[in-house]
Amino acid sequence: MTARGARPWLVTGAGGMLARDLLGRLADAGIDAVAAGRAELDVTDPAAVRAAFAAHRPALVVNCAAWTAVDAAEDHEAQALAVNGTGPRLLAGACRAAGSPLLQLSTDYVFDGLRREPYPEHAAAAPRSAYGRSKLAGERAVLELLPDTGYVVRTAWLYGAGGDSFVRTVIGLERERPTLDVVEDQWGQPTWTADLARQLVGLGRRALAGTAPAGVYHGSSGGRTTWFAFCREIFRLLGADPERVRPTTGDRYVRPAPRPAYSVLGHQRWHAAGMAPIRHWRTALAEALPAMGHGPALRPVTAGAPEERDTHEKAEITCDPCA
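On a predicted model such as this, the values are computed, not experimentally measured, just so you know. (Residues numbered from 1 in each chain as written. Predicted model: local features only at pLDDT ≥ 70, side-chain atom pairs only at ≥ 80, totals over all residues. Heavy atoms only, no water.)

**What to know about the packing of helix H8 (residues 227-238) against helix H10 (residues 281-291)**
Inference 1: At a minimum axis distance of 11 Å, the contact between H8 and H10 shows a crossing angle of 40°. By the angle between their axes, H8 is oblique relative to H10. Crossing angle aside, the handedness with which H8 passes H10 is right-handed. Here Phe-230, Glu-233, Ile-234, Leu-237 and Leu-238 of H8 lie close against H10, whose contacting residues are Trp-281, Arg-282, Leu-285, Ala-286 and Leu-289.
Inference 2: Class assignment of the residues belonging to the contact of H8 with H10 gives a composition of eight nonpolar, no polar and two charged. (Axes fitted to C-alpha atoms, helices over the stretch in contact; angles between N-to-C directions. Helix = DSSP H or I, 4+ residues; strand = E, 2+ residues; numbered from the N terminus. Parallel < 35°, antiparallel > 145°, perpendicular 65-115°, else oblique. Left-handed = near helix turned anticlockwise from the far one by under 90°. Contact = heavy atoms within 4.5 Å. Nonpolar A, V, L, I, M, F, W, Y, C, P; charged D, E, K, R; others polar.)

**Thoughts on the packing of helix H4 (residues 77-98) against helix H5 (residues 130-145)**
Inference 1: Here H4 crosses H5 at 10°, and the two axes come no closer than 8 Å. With respect to H5, the axis of H4 lies roughly parallel. Between H4, through Glu-77, Ala-80, Leu-81, Asn-84, Gly-85, Pro-88, Arg-89, Ala-92, Gly-93 and Arg-96, and H5, the contact on the second element is made entirely by Ala-130, Tyr-131, Arg-133, Ser-134, Lys-135, Ala-137, Gly-138, Ala-141, Val-142, Glu-144 and Leu-145.
Inference 2: In terms of residue class, the contact of H4 with H5 is made up of ten nonpolar, five polar and six charged.

**Focus on unusual backbone geometry**
Inference 1: In this model, Arg-57 sits at a positive phi of 45°, which is unusual for a non-glycine residue.
Inference 2: Tracing the chain through its elements places Arg-57 in the loop between helix H2 (46-56) and strand S3 (60-63).
Inference 3: The backbone phi angle of Trp-157 is positive, close to 50°, even though this residue is not glycine.
Inference 4: Among the residues examined, Trp-157 registers a relative accessible area of 10% and is labelled buried. (Buried < 20%, exposed > 50% of the residue type's maximum accessible area, 1.4 Å probe, protein only.)

**Observations regarding H2**
What sets the pattern is the α-helix's 3.6 residues per turn: residues three or four places apart point alike.
Inference 1: Taken together, the buried positions of H2 are occupied by Val-49, Ala-52 and Phe-53. One side of H2 holds all its buried residues, which, seen down the axis, span an arc of 95°. The exposed residues of H2 that point more than 90 degrees off its buried face are Arg-50, Ala-54 and Ala-55.
Inference 2: Of the residues that open H2, the one with a side-chain oxygen 3.0 Å from the backbone nitrogen of Ala-47 is Asp-45. (Arc of directions from axis to C-beta. Polar contact = N/O pair within 3.5 Å; in protein donor to acceptor, adjacent residues only side chain to side chain.)

None of the figures reported here should be taken as evidence of function without further support.
Quick look at the structure:
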């Protein structure tokens, strides 16, 4: 339990899918937290940031506030940059003055998606979209202003009970359509927000104890898959016929912002913090669906099952990132 009088954690973007799970995890751990949605704290407003720090004196900040409308960012890059770049810079400056560590959520979109093997934490960033550029600006601001107490946690393909996601979309469409066409040439790591929330609590505790090196971490699930294979696994766990999910190519569904074709992230940095990486995505999904109210898995899931074949094809149903 948090000691009486201990300073709370400040969680921005508190109305979002990840923040909701994080706040629940903090409550379970007995850690006092201040939930700050946009109405309580506009991270782009310097005066609001100063006032929040004066009022709450946070021991640590987890910045879940973000502009996540990927396609809209192409036409509104300045607005996206204000939330994803300026906001983290203001929070980092306030954290530096207060002596508080900052955990900054980021995204796989900072990479170009051209690799065919996992991106390590130190890989060079090369965003191809306005959204990716705005998130990279936030990363750099945090690492510049907080070289010893700034933590960037990149994640990808988030789903959870508290918001819209690929999983929620698939569950709805499974009831409505006889077949679904889903892209098969985008690779990534489906990540349950409950798993990422647990990881952030562990990292935050170690940051406060001084046992976790500052810098970049990758907060995505183990393994890899495509949107197509992910969708088929959701169908299987729902008790639906996976053959109803058909592969298609991404060039049939042109969108304003390019999506990374390969978003698989490496997880070596967690070991330096004395933590294990997040578990395999299949194991997590089998637990997540019942927890989200969609029934138990029909068959046991083996985390070490062979990965889906690495082909070059793409799909109709994709989901914007949530970090």
